[in-house]
Protein chains: 4
Amino acid sequence: MTIKVGIQGASGYTGAELIRILTAHPEAELVFVTSERYAGQSMDRIFPHLSLRSDLVCRPLQDQSCLPDCQVVFCALPHATSMKVVPELLRYDLKVIDLSADFRLRQPKVYQDWYKTSHTSPEWLAEAVYGLPEIYREKIRGARLIANPGCYPTSVILALAPLMNGGGVIDAGSIVVDSKSGVSGAGRSPAEERLFAELVEGFRPYATGFHRHTPEIEQVLSDLCGQTLRVRFAPHLLPQSRGILSTCHVRPLPGSEGLNWQELFERHYQGEYFVRVLKPGVLPATNHVRASNYVHLGVVEDRRTGWLTVLSTIDNLVKGAAGQAVQNMNLLFGLDEKTGLTQLPVFP
Amino acid sequence: MTIKVGIQGASGYTGAELIRILTAHPEAELVFVTSERYAGQSMDRIFPHLSLRSDLVCRPLQDQSCLPDCQVVFCALPHATSMKVVPELLRYDLKVIDLSADFRLRQPKVYQDWYKTSHTSPEWLAEAVYGLPEIYREKIRGARLIANPGCYPTSVILALAPLMNGGGVIDAGSIVVDSKSGVSGAGRSPAEERLFAELVEGFRPYATGFHRHTPEIEQVLSDLCGQTLRVRFAPHLLPQSRGILSTCHVRPLPGSEGLNWQELFERHYQGEYFVRVLKPGVLPATNHVRASNYVHLGVVEDRRTGWLTVLSTIDNLVKGAAGQAVQNMNLLFGLDEKTGLTQLPVFP
Amino acid sequence: MTIKVGIQGASGYTGAELIRILTAHPEAELVFVTSERYAGQSMDRIFPHLSLRSDLVCRPLQDQSCLPDCQVVFCALPHATSMKVVPELLRYDLKVIDLSADFRLRQPKVYQDWYKTSHTSPEWLAEAVYGLPEIYREKIRGARLIANPGCYPTSVILALAPLMNGGGVIDAGSIVVDSKSGVSGAGRSPAEERLFAELVEGFRPYATGFHRHTPEIEQVLSDLCGQTLRVRFAPHLLPQSRGILSTCHVRPLPGSEGLNWQELFERHYQGEYFVRVLKPGVLPATNHVRASNYVHLGVVEDRRTGWLTVLSTIDNLVKGAAGQAVQNMNLLFGLDEKTGLTQLPVFP
Amino acid sequence: MTIKVGIQGASGYTGAELIRILTAHPEAELVFVTSERYAGQSMDRIFPHLSLRSDLVCRPLQDQSCLPDCQVVFCALPHATSMKVVPELLRYDLKVIDLSADFRLRQPKVYQDWYKTSHTSPEWLAEAVYGLPEIYREKIRGARLIANPGCYPTSVILALAPLMNGGGVIDAGSIVVDSKSGVSGAGRSPAEERLFAELVEGFRPYATGFHRHTPEIEQVLSDLCGQTLRVRFAPHLLPQSRGILSTCHVRPLPGSEGLNWQELFERHYQGEYFVRVLKPGVLPATNHVRASNYVHLGVVEDRRTGWLTVLSTIDNLVKGAAGQAVQNMNLLFGLDEKTGLTQLPVFP
């Protein structure tokens, strides 16, 4: 089978990563790419590392001529653009995997509160499926529109999901998520605060308490545990390009003393190819999953203080964006979920 | 006044930083340096950035010939070595500022539990003064032996002290400290896990739950709040050389809703030259205090979740080690505390 | 076809990279790995990024039990160890691809001069084929023992080869090669000078004038131009993990003024899949070939001064080591040279 | 003596570095700062590391009200702005130290050729003195307008000056300068090519053959050797913030075989406080001069190939900009040249 694929918004880091992964995918053929800023230019001019894909020339965003030939379109457009473009795409007989935040949240009001914009296509929010295969695999298979998860939420939800399912294992008010991300997550557009000289030797927090990925994390965790949950989410910017590491601190409830957390996690993710629960004593590091779709989890219990810490790392551009999107594509088209995604991490 | 100074253990990063700071100090004269490993070699061979101090030749650690001439000795020796060397030094008429952990904890048993060694000079533990001037300034002035604080503890204690003094402002069981440090804190001895290729693009946690700075933090905070306190302390290693940023999450107790935390911090540190409480909306970053003795604090209240986060950054080799040691020296000899330490941070 | 493969010395960066590439190779099966230091340990303990290859357990270096099953063995052993091990391996009916320097140079005397050791297996020097496919492709196909090129020589020879073939195009005494390498090329063994804190913000030269890759470069270039050639080779260490960029300055001879150097390079490498001559105005960068087997070349003529500069970049662990070794394996076994090596570079 | 000082264009990296150095200068008082972009804002908002200088509020560039009070103004304005502003300043009774390129070159035509702009104040070119104290010290003392040297030229000229003075020691056509610079040299304005994610692990060349510092280097070297000289200048961008290292390859002329180059350099720079000729076997590294005004030089002769390589490193923002400007100020006002500039480098 060859799936014909298009990418809307190919000139950002996520677009480039989609091209990298799809070029090596045995069942996908990249039919078109678009870019508003670089229409008419070939990919190797925009990204010299794609020198072998000089055949890919960016079309204008509005060009719909290739849509009838495609079976799936990835949208790597900025927030608020996607919500306008996606309904247009869905007029055609194709699937859409949207990598923006525009279809991840179920309540239009949440967009108002956290994104300060009215949603222009609220009718699609109910139909969109949140594309985290380890949690919503069955729903994904039958979807037309996939809302591909954010990078932070992927790392956090997979870290905490095993503690949600049990129901009543941890204190719902105790969840403190201290996340650290590489800079590529913030995109390629020029900004003083992302210049090399500003960041090297310059680790820092940002958006503490109001980062837009917070409601996304809370929505899924609330789903899983069956009650409305709030998370203290504190993101930080690392002096590195790729990689997210989330340190999730929670307080187990009294009565859970006998639990073997390591075993609980291993059992929960048994059979999940991309999620590796590390052996006791081994802790995750961002460069141990670099350029791959794997998730590394570490579980540490501190009996002295009563806190449990789950550490989780992903490559924000792969499992946190383009890789997960391709994993979703595989599910949508009945392929083995792993197809094209089994490359080992690049270290060092 | 000229204070005559010696350094025991000058061949590590802390030793080199002491030399850098003391060379510029208007009231100090560096009389001798020692190194076990590099005895007989000049400092510019060990550290090419000290090319102007080729006059300093390392003596053997055992050489006591210069001690009668000195008024103060800085010990930058490894843990467990200091506890043997310091009592020897104190036979002379001089002050000792010890930068190891060997005299920071009051109870010998804590060394047994956390350092897995018996303390060989427990009689000095009671006399040693913990050298954090912003908290123990008066005691420091009259001390003979200063236990210079650890780098993490300096960043954490200064972040949380204003919440301790009030007594009963925050939930003592809720303290989660998520710290991130540059690699220089781990010293200069060769180790696979500190190689450049292992760390670049490779942020990671370590020693979660059993880092030796934990009891030091707990001892001082317990002092301040008048009750025994435990802290969930989770350190991480940054792909950068210098700088610590501690993200301290705490839950204020019910009844504190009306409090203006920003104001509380500003008032607490009013008059403290080295501690800057940043304006609301500005958050600390490690490269904004680089190579300086300043501490930057940011206070963020998250009313939605009920958590308060205090962010704190220092240069681990300056305020976290050599700079603070010189601040202590100034106090010991009746100088203005700021002498030789007012240089602005080096950015970018 | 499935080629059965072994790796001698799998616990260094090159060994790990071989495992990464061979795991994804459609025609290769990794049968055994050895390590002197880590015998008995599984690869995921030595390299957490290889968590999926916990099946690979290191055998002792001396263990020859798997050799009868193998068709090819990669030797990623240190210099001077390989020269002892390789002849042992060649008693079996298999091919050897040696990644050390031990069989790259034809004259035993050169080992004496540059490596300060006597070669213990000089009889194999004549039979070994230098494994740079773009130059020695036909010889490689029929070889038993491949001497896989060094990382610097790969980058330099491919940059200068098009200027050698013509004969008499450039002044043979004018070749100045100013190379810069990431740290991974120096290996994983702990050393003060490769610690993170020593290198970040700390670009530096090393081994100027006596680097051991010099005679290797000179041997091949002399071959190509038909006269004995000497090269001023000046290597430097970059504050990055992977990547080599060589800046090769040469003076064209009088009479070459009319030449179109860009065209000369494009024509020379026409049909070479892994070598990309960049369009005029685009210059190579190490992160544009990262984690791939590609070579990017840029050609810049400076008519004002009469110098021609060829810029060349590779990933030192891929085209500079493990990737090129697999390219050689493909040739040895009659596969398409590109098999398993077409992955696009990982950027950013 | 207190020199009253102003800074035009204080919101770039050079401006901030001037503030850092001048704040610690015992004989200078910073009277005003200007910024076109940030007029009305205080320095601690623009640069959080300057939190202690919240007293400095940027005036508009046009505001001349403080000029009558000042004895010297530093201009850290962009090229082509300075040439308009400086003549205005010189109407007042003060000295100007201009850090742009606008007054460094003697011939207006060179601005046309290399900068593609007509010089609007050519009458000042003859009066401006090139502010490289190690070469033009006497002229500097009496100047009204100092053209502070570029960062690359400072590193290159000081590396090659000892070879120029002799006259006829090296082949004038052989000079190949391969320079590598940290990113801060390119300034703080946002640009895709200076984003962290583009540069980390991404060493690269740029502007090979047409960098605007080329004619500046050639002008001074030609002065020194008494003939018109051309230099092959190839700059590169390092994945680090500060620091320049220039690798200067030259061919000594026949007849110079007996020369002891190390001694020649040591003798040449004897008595120069800021220039350190490293001992044989020690090579310069950018982090060994970080945040200081020192220059480290290494001299390597390669008898095998006949090339001589001089390696030179500086901090581009200090000796390459703000530090050298203050060194010039000291000379202009009859102070000891070292005043305020003796701080040792910050390592690691």
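Residues numbered from 1 in each chain as written. Chains lettered and ligands numbered in written order. Predicted model: local features only at pLDDT ≥ 70, side-chain atom pairs only at ≥ 80, totals over all residues. Heavy atoms only, no water.

Regarding the side chain of serine 184 of chain B
To be explicit about the condition: Strands here mean DSSP runs of E at least two residues long; helices mean DSSP runs of H or I at least four residues long; both are numbered from the N terminus. In protein, a polar contact means a hydrogen-donor-capable atom and an acceptor-capable atom, both N or O and within 3.5 Å, with residues adjacent in sequence counting only if both atoms are side-chain atoms; elsewhere, any N or O pair within 3.5 Å suffices. Note on definitions: a residue-residue contact is assigned when non-hydrogen atoms from the two residues lie within 4.5 Å.
With respect to the helices, strands and loops of the structure, serine 184 of chain B is situated in the loop between β7 (176–181) and α7 (196–199). A polar contact of 2.8 Å, which involves the side chain of serine 184 of chain B, links it to the backbone oxygen of serine 241 of chain B. With residues near it in sequence (within four places) discarded, serine 184 of chain B still touches Tyr13, Ser241, Arg242, Asn316 and Leu317 of chain B, Ala197 of chain C together with Pro348 of chain D.

Here we look at the state of the cysteines
The condition is simple: The definition used for a disulfide is geometric: two cysteine sulfur atoms within 2.5 Å. The rule is simple: take the accessible area with a 1.4 Å probe, protein chains only, and divide by the maximum for that residue type; under 20% is buried, over 50% is exposed, in between is partly exposed.
In total, this model carries zero disulfides over all chains according to the counting rule given. No disulfide involves cysteine 225 of chain A; its sulfur sits 15 Å from that of cysteine 248 of chain A, the nearest cysteine. With relative accessibility at 19%, the residue cysteine 225 of chain A sits in the buried group. We note that cysteine 248 of chain D lacks a disulfide partner, and the nearest cysteine sulfur, in cysteine 151 of chain D, lies 14 Å from it. Judged by its relative accessible area of 0%, cysteine 248 of chain D falls in the buried class.

Re the relation of the copies chain B and chain A
The criterion, for reference: The superposition of copies rests on a least-squares fit of C-alpha positions from residues with pLDDT of 70 or more in both.
If you rotate chain B by 180 degrees and push it 0.0 Å along the axis, it lands on chain A with an RMSD of 0.0 Å. The transformation relating the two chain copies, once decomposed into turn and shift, fits a two-fold axis. The fraction of interface residues of chain B whose copies in chain A are also interface residues reaches 100%, indicating that both copies meet through the same surface.

Quick word on the nonpolar core
Stated formally: Each nonpolar core is a collection of buried residues, namely Ala, Val, Leu, Ile, Met, Phe, Trp, Tyr and Cys, held together in the definition by side-chain atoms within 4.5 Å.
The biggest cluster of nonpolar side chains holds 172 residues, and the ones touching the most others in it are Phe74 and Met329 of chain A together with Phe74 and Met329 of chain C. Apart from the residues within four sequence positions on either side, phenylalanine 74 of chain A is in contact with Val5, Gly6, Ile7, Gln8, Leu18, Leu22, Ile97, Leu99, Ala325, Val326 and Met329 of chain A.

Digging into the relation of the copies chain B and chain C
Mapping chain B onto chain C calls for a rotation angle of 180 degrees and an axial translation of 0.0 Å; the resulting RMSD is 0.0 Å. A share of 100% of the interface residues of chain B reappears at the interface of chain C, consistent with the copies meeting face to face through the same patch.

Focus on the packing of helix α6 (residues 151–165) of chain A against helix α9 (residues 261–268) of chain A
Residues and elements named next belong to chain A. As a reminder of what qualifies: Axis lines are fitted to C-alpha atoms, over the contacting stretch for helices. Their N-to-C directions set the angle, which ranges from 0 to 180 degrees. By the definition adopted for this analysis, an angle is roughly parallel if under 35 degrees, roughly antiparallel if over 145, roughly perpendicular if from 65 to 115, and oblique otherwise.
Interaxial distance between α6 and α9 falls to 10 Å at its minimum, and their mutual angle equals 100 degrees. Overall, the two elements α6 and α9 adopt an arrangement that is roughly perpendicular. Residues Ala159, Ala161, Pro162, Leu163 and Asn165 of α6 lie in contact with α9, whose contacting residues are Trp261, Leu264, Phe265 and His268.

A short note on helix α9 (residues 261–268) of chain C
All names here are of chain C. The criterion, for reference: When we speak of the arc, we mean the arc of directions from the helix axis to the C-beta atoms.
For α9, the set of buried residues is Trp261, Gln262, Leu264 and Phe265. End-on view of α9: buried residues confined to an arc of 165 degrees, all on one side of the axis. Turning to α9, the residues buried within the fold contact α6 (151–165), β11 (275–277), β12 (295–302) and β13 (307–314). By the N-cap criterion, in which a side-chain oxygen at the helix start approaches the backbone nitrogen of a residue two or three places on, α9 is capped by asparagine 260, the distance to glutamine 262 being 3.2 Å.

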